[in-house]
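Here's the letter readout for the chains.
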Amino acid sequence: MADHEEVKKKKGTSIVICGYPLSIFFIVVNEFCERFSYYGMRAVLVLYFKYFLRWDDDLATSVYHAFVALCYLTPILGAIVADSWLGKFKTIIYLSVVYALGQVVMAISAIHDLTDYDWNGTPDNMTLHVALSMVGLVLIALGTGGIKPCVAAFGGDQFQDHQERQRSTFFSVFYLCINAGSLLSTIITPILRAQECGIHTQQKCYPLAFGVPAALMVVALVVFIAGSGMYHKAEPQGNILLDVCKCIGFAVKNRFRHRGKEFPKRTHWMDWADERYEKLLIAQIKMVLKVLFLYIPLPMFWTLFDQKGSRWTFQATTMDGNFGLLVLQPDQMQTVNPILILTLVPIMDSVVYPLIRKCGLNFTPLKRMTVGMFLAAMAFVAAALVQIEIDKTLPVFPSGVQSQLKTINLGRDPMTLTLSQHTVQLAPGQASDYFTFDEDFVIVSVGNTSISRNLTLAKGKRQSVILPLNISQDWQMTEDLTAKPEQGANGIRFVSGIYPLNISTGGLDFGITDVYHYSNYSLLTYGSTVFTIESGGESCEYSREFGFGSSYTLIIPSSFTFGPDCAAFVGVAEDIKPNSVHMALQIPQYFLITAGEVVFSVTGLEFSYSQAPSNMKAVLQAGWLFTVAIGNFIVLIVAELAQIPEQWAEYVLFASLLVAVCVIFSIMAHFYTYMDPAEIEAQFRKKDDDHEVRAEKKERRDSGRSQRSSLEMTEGTGSDPKQSRM
């Protein structure tokens, strides 16, 4: 009776609603919140590295993929801890605390006011922010990876043997929650990041973008704990992965000990373990190793796939995100992936695969995976084509041994200028294009006059020179932007050809712009902006529509006068063109990579499950996650070592590598023989049963012979058997 009560306590007291244990609803909500937390943080992570920590693209990409790789290595550790020591429930609780703590540390690391001692909007102790972010990411990787193999299995433990249909539905809902959390978080957190917040200065709100996922992780932990009394908490049964590693280690060690010619060869090198381990276990490991051998080329797929969160996000920052009623942030383009997954999975299962079967084609799982790899390679070819189009629109900045110069006419009359071999005509309030020079200086001559200036040029810089109303006065030179404004912002400045002006827009004040001087650049976001130009009690409103990533010098010429038509006098010099390649051009590459994921990843998991022995499913799952980690490490190596100057060339390199790997995998798949693990296991169990039966019969025969021999000996001596037992 006591044992029955103990079992009942371990199984919990979950109420059944519509055939489902109430406890699973806590688990489903927990999974949704956790996936929102993880994907929300990850969506803005690479931009945080670039724009907050001020890392270059290669370093940001490398650290991003190192983090993702760690997230796919730690599930192995989490599975071992859960199965061998703490159990699934305690593992989820303890590592969720670590996870939530990591998210909170990440949110704190993004507070620029933490070390912004001079209130200029830039942290003064970047080392502290980097250290906090790295600690936070390690804690998050331990948390998310550690609970990854536990939550789904723990949910499955809540069902009884007669609830197979409900268990199957639970896993479908569980997968839906993963994608729903991913979809919503990649929509919401980029919006939060795009807001401006701060105590002393307003900057992009990374603390909020990381803080909301941190709050969701705390909610996930609280919800999971709330259902504690209802859970069935299975005791740790030991981890099969450790047994597999021990068996393989013994086989290798034993083979090394018996490497001499005097020892007979064995059919398979794992057979050297049969001196200590059961033949059934050895046969199961052989089946697993056969599948793991096929896994060798797979990391290259993940090398390409996970770059949608790094390189492709950087690509989107140089594109136009205006979709009419909707303006997308660069990191929101990742939402295309979960949307397409939810769309393509049922289409593939209900339409595409049945049509292929009706055509009589044997579209085996390994052939599907090969097609998935090829689709991913084509996605990177599409990304390369998009990058080539982007590169055509990017400004050509001067190299380290060149200089660029443009001229601005602030006078009231047209002007003809000669700059070395270049001749340009400028109307009042007009600016020339940039001219590139290799010399250290350039002589600028004005029309037919004798006026000229010898201007010293700055190497590797863009400069502008103001030509005043009185051309004999001093000419003012200033340095211009030599890079596109970050995060799709627009760099705007004013130059005045009349009296000092006070220029402002919204909460932004350009300050006093003196005559024949420039204001500083100010960053404005996408959309229509109204500027107020004031002087001596008079004011003028000038409005302009801005796109993404542009730079303008707004020219107020000497002919400017206040009045109803004052805006017509303002001239515009386009220093850097806005992003003109639309983000919609990324949709084909997202479609191809997602189609590849559906065909490759879903099929790969199905194939692994079908080819794995009954007790080795977790081992192949660990091997599958390990391929994801290795794929991300490959990105890290290429980003740091290849140093390819053209981004489109890097995309082509990755596509070429995957095509080569795809060919190798197709050859390996051609020679692979599909197995029925259940049948193989049954054969070994039958052999064991036959062996036991023969052993039992032999024991009975030996026992019978022994009894007959004893009886004959008794009769020969004439003794009474009853007396001999007394």
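Owing to the predicted nature of the structure, the values given are computational and were not obtained by experimental measurement.

Here we look at the overall build of the chain
So, point 1. Along the backbone of the chain there are 18 helices and 20 strands.
So, point 2. Against the globule reference of 27 Å for 726 residues, the chain gives a C-alpha radius of gyration of 35 Å, more extended than a compact globule.
So, point 3. Once the C-alpha set of the chain is aligned to its principal axes, its extents read approximately 150 × 60 × 50 Å.
So, point 4. Going through the 726 residues of the chain one by one, you find that 48% of them count as buried.

Here's the deal with the environment of L292
So, point 1. For L292, the location among the structural elements is in helix α9 (residues 279–294).
So, point 2. According to the relative accessible area criterion, L292 is partly exposed, its value standing at 27%.
So, point 3. For the pair L292 and G604, spaced 312 residues apart in sequence, the C-alpha to C-alpha distance is 12 Å.
So, point 4. Those residues within four positions of L292 in sequence are excluded, and the remaining contacts are L620 and G623.

Section: the packing of helix α4 (residues 88–109) against helix α5 (residues 126–156)
So, point 1. Where α4 contacts α5, the axes come no closer than 7 Å and their chain directions differ by 155°. The orientation of α4 with respect to α5, classified from their angle, is roughly antiparallel. As for the relative orientation of α4 and α5, their crossing is left-handed in sense.
So, point 2. Class assignment of the residues belonging to the contact of α4 with α5 gives a composition of 19 nonpolar, eleven polar and one charged.

Here we look at the packing of aromatic side chains
So, point 1. If you walk through the whole model with that rule in mind, you get 41 aromatic pairs.
So, point 2. Of the aromatic side chains, those joined through ring pairs into one cluster are Y48, F49, F52, W55, Y206 and F210.
So, point 3. Over the face of the ring belonging to Y72 we find K148, whose NZ or CZ atom lies 5.0 Å from the ring centre.
So, point 4. When the ring centre of W475 is taken as origin, the NZ or CZ atom of R453, which lies over that ring, is 5.0 Å away.

Some details on the sheet that holds strand β8 (residues 435–437)
So, point 1. Across the sheet, four strands lie side by side as β8-β5-β11-β12; this open sheet has mixed pairing. Two strands bound the open sheet, and with one partner strand each, they are β8 and β12 (477–479). Taken pair by pair, the neighbouring strands of this sheet meet at an average axis angle of 30°, ignoring direction.
So, point 2. Note that strand β11 (residues 462–467) and β12 share three bridges and pair antiparallel. Counterpart to V465 in the pairing with β12 is M477.

Quick notes on the state of the cysteines
So, point 1. Throughout the structure, instances matching the rule amount to two disulfides.
So, point 2. Shown here is the disulfide that connects C197 with C205, its sulfur atoms set 2.0 Å apart. Where C197 bonds to C205 through sulfur, the torsion about that S-S bond is close to 105°, and the disulfide is right-handed.
So, point 3. On the basis of relative accessibility, which here comes to 21%, the residue C197 falls in the partly exposed class.
So, point 4. C205 gets classed as buried once you look at its relative accessible area, which sits at 5%.
So, point 5. Covalent S-S linkage joins C540 and C566, the inter-sulfur distance amounting to 1.9 Å. Between C540 and C566, the disulfide has an S-S torsion of 95° and is therefore right-handed. Of this pair, C540 sits in strand β18 (residues 538–546) while C566 sits in the loop between β19 (551–556) and β20 (571–576), placing them 26 residues apart in sequence.
So, point 6. The connectivity of the disulfides in the chain is 1-2, 3-4, where the numbers refer to bonded cysteines in sequence order.
So, point 7. Looking at C71, it has no disulfide partner, and the nearest cysteine sulfur is the one in C150, 15 Å off.

Comments concerning the sheet that holds strand β6 (residues 415–419)
So, point 1. The strand order β7-β6-β9-β10 describes an open sheet built from four strands, whose pairing is antiparallel. A single partner strand is all that each edge strand has here, and the edge strands are β7 (422–426) and β10 (452–456). If you compare each strand with its neighbour and ignore which way they point, the axes differ by 25° on average.

A look at unusual backbone geometry
So, point 1. The backbone phi angle of R54 is positive, close to 65°, even though this residue is not glycine.
So, point 2. Topologically, R54 is positioned in the loop between α2 (23–52) and α3 (57–86).
So, point 3. In this structure, Q487 is a non-glycine residue whose phi angle is positive, near 60°.
So, point 4. Inspection of the secondary structure assignment puts Q487 in the loop between β12 and β13 (490–496).
So, point 5. Taking the relative accessible area as the measure of exposure, Q487 reaches 21% and is therefore partly exposed.

Quick notes on helix α8 (residues 240–257)
So, point 1. Here α8 spans 26 Å end to end across 18 residues, near enough to the 26 Å set by a 1.5 Å rise per residue.
So, point 2. Turning to α8, its buried residues are I240, L241, V244, C247, F250, A251 and N254.

Overview of the packing of α2 against helix α7 (residues 206–226)
So, point 1. Running from N to C, α2 and α7 cross one another at 160°; their axes reach a closest spacing of 8 Å. In this view, α2 runs roughly antiparallel relative to α7, as classed from their interaxial angle. The handedness of the crossing between α2 and α7 comes out as left-handed.
So, point 2. When its residues are assigned to classes, the contact of α2 with α7 shows 26 nonpolar, three polar and one charged.

Structural notes on the pattern of salt bridges
In a structure, side chains of opposite charge can pair up when their charged atoms sit close to one another.
So, point 1. Tallied over the entire structure, the rule returns 16 salt bridges.
So, point 2. Note that K279 is salt-bridged to D274, the shortest N-O span being 3.7 Å.
So, point 3. K459 is paired through a salt bridge with D440; the nearest N and O atoms lie 3.4 Å apart. With K459 in the loop between β10 and β11 and D440 in the loop between β8 and β9 (441–446), this residue pair connects regions lying 19 residues apart in the sequence.
So, point 4. The class of K459 is partly exposed, set by a relative accessible area of 31%.
So, point 5. A relative accessible area of 48% means that D440 is categorised as partly exposed.
So, point 6. One continuous salt-bridge network, built from bridges that share partners, spans R266, D274, E275 and K279.

Brief notes about α3
So, point 1. For α3, built from 30 residues, the straight-helix expectation of 44 Å at 1.5 Å per residue is met to within 8% by its first-to-last C-alpha distance of 41 Å.
So, point 2. Taking the backbone nitrogen of D58 as reference, a side-chain oxygen 3.2 Å away marks D56 as the first, capping residue of α3.
So, point 3. Residue G87 follows α3 closely and has a positive phi angle near 90°.

Re a nonpolar patch on the surface
So, point 1. Judged by side-chain polarity, V104, I108, I111, L114 and L128 come together as a nonpolar surface patch covering roughly 340 Å² of accessible area.
So, point 2. Topologically, L114 is positioned in the loop between α4 and α5.
So, point 3. Classification of L114 by relative accessible area gives partly exposed; the value is 38%.

Let's talk about the confidence of the model for the chain
So, point 1. With 92% of its residues at a pLDDT of at least 70, the chain reaches an overall mean of 85.
So, point 2. Segment residues 1–11 is flagged for pLDDT under 50; beyond a separation of four residues in sequence, or across chains, it makes eight contacts in the model.
So, point 3. Note that residues 717–726 has pLDDT below 50 and, in this model, two contacts with residues that lie over four places away or in other chains.

Conventions we followed
- Residues numbered from 1 in each chain as written.
- Predicted model: local features only at pLDDT ≥ 70, side-chain atom pairs only at ≥ 80, totals over all residues.
- Heavy atoms only, no water.
- Helix = DSSP H or I, 4+ residues; strand = E, 2+ residues; numbered from the N terminus.
- Rg over C-alpha atoms; globule rule 2.2 N^0.38 Å.
- Buried < 20%, exposed > 50% of the residue type's maximum accessible area, 1.4 Å probe, protein only.
- Contact = heavy atoms within 4.5 Å.
- Axes fitted to C-alpha atoms, helices over the stretch in contact; angles between N-to-C directions.
- Parallel < 35°, antiparallel > 145°, perpendicular 65-115°, else oblique.
- Left-handed = near helix turned anticlockwise from the far one by under 90°.
- Nonpolar A, V, L, I, M, F, W, Y, C, P; charged D, E, K, R; others polar.
- Phe/Tyr/Trp six-rings, centres within 6.5 Å; stacked < 30°, edge-to-face > 60°.
- Lys NZ or Arg CZ within 6 Å of the ring centre and 35° of its normal.
- Pairing = 2+ DSSP bridges.
- Disulfide = S-S within 2.5 Å.
- Expected span 1.5 Å × (residues − 1).
- Salt bridge = Lys/Arg side-chain N within 4 Å of Asp/Glu carboxyl O.
- Polar contact = N/O pair within 3.5 Å; in protein donor to acceptor, adjacent residues only side chain to side chain.
- Patch = residues over 30% accessible without salt bridge, like charges linked within 9 Å, V, L, I, M, F, W, Y side chains within 5 Å.
- Areas by Shrake-Rupley, 256 points an atom, 1.4 Å probe, with all protein chains shown as cover.
- pLDDT = per-residue confidence, 0-100.

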